[in-house]
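Architecture and fold: a report
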Amino acid sequence: MLVLKCLSDETGDDAGDIVTQGFVDVDDREFVNIVNRLEGYFDCTLSLRSEPGRRFVVRDLVARVTAAITRRSPEADHV
């Protein structure tokens, strides 16, 4: 839900429409803003900036966030 909120807040698109479509295309500025928000929300590195194109596929983005979170060591939370 937080991924959808982030996409919707930045683009102004309805979250339900994003879910129905399954992706959202963005311009360069929106792309950077979304990456910054997501990394801030989840305190992780998503390595998205080197990806070609400016489309966020919701299921792929959720999988990437989940993988980034599970890669983090518990010790990193206490530094």
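Throughout what follows, the structure given in this document is the object of discussion. (Residues numbered from 1 in each chain as written. Predicted model: local features only at pLDDT ≥ 70, side-chain atom pairs only at ≥ 80, totals over all residues. Heavy atoms only, no water.)

Another aspect to go through is helix 3 (residues 28-42). Note that an α-helix has 3.6 residues per turn; residues three or four places apart therefore point the same way. For helix 3, with 15 residues, the first-to-last C-alpha span of 21 Å sits near the 21 Å given by 1.5 Å per residue. Of the positions making up helix 3, those classed as buried are Glu 30, Phe 31, Ile 34, Val 35, Leu 38 and Phe 42. Viewed end-on, helix 3 has its buried residues packed into an arc of 135 degrees, placing them on one side of the element. Along helix 3, the residues that are exposed and aim more than 90 degrees away from the buried face are Asp 28, Arg 29 and Gly 40. Buried residues along helix 3 sit against helix 1 (2-11), strand 2 (55-57) and helix 4 (58-71). The opening residue of helix 3 is Asp 27, an N-cap whose side-chain oxygen sits 3.1 Å from the backbone nitrogen of Arg 29. Two residues or fewer past helix 3, Asp 43 is found with a positive phi of approximately 50 degrees. (Helix = DSSP H or I, 4+ residues; strand = E, 2+ residues; numbered from the N terminus. Expected span 1.5 Å × (residues − 1). Buried < 20%, exposed > 50% of the residue type's maximum accessible area, 1.4 Å probe, protein only. Arc of directions from axis to C-beta. Contact = heavy atoms within 4.5 Å. Polar contact = N/O pair within 3.5 Å; in protein donor to acceptor, adjacent residues only side chain to side chain.)

Right, let's get into the pattern of salt bridges. Summed over all chains, the structure comprises six salt bridges. Across the pair Arg 55 and Asp 25 runs a salt bridge whose closest N-O atoms are separated by 2.8 Å. Separated by 30 residues along the polypeptide, Arg 55 in strand 2 and Asp 25 in strand 1 (residues 23-25) bring together distant segments of the chain. You can call Arg 55 partly exposed: its relative accessible area is 45%. Across the pair Arg 54 and Asp 28 runs a salt bridge, and its minimum N-O distance is 3.2 Å. Here the residue Arg 54 occupies a position in the loop between helix 3 and strand 2, and Asp 28 occupies one in helix 3, the gap between them amounting to 26 residues. A relative accessible area of 26% places Arg 54 in the partly exposed class. Residues participating in the shared-partner salt-bridge network are Lys 5, Asp 9, Glu 10 and Arg 37. (Salt bridge = Lys/Arg side-chain N within 4 Å of Asp/Glu carboxyl O.)

Structural measurements only, silent on function.
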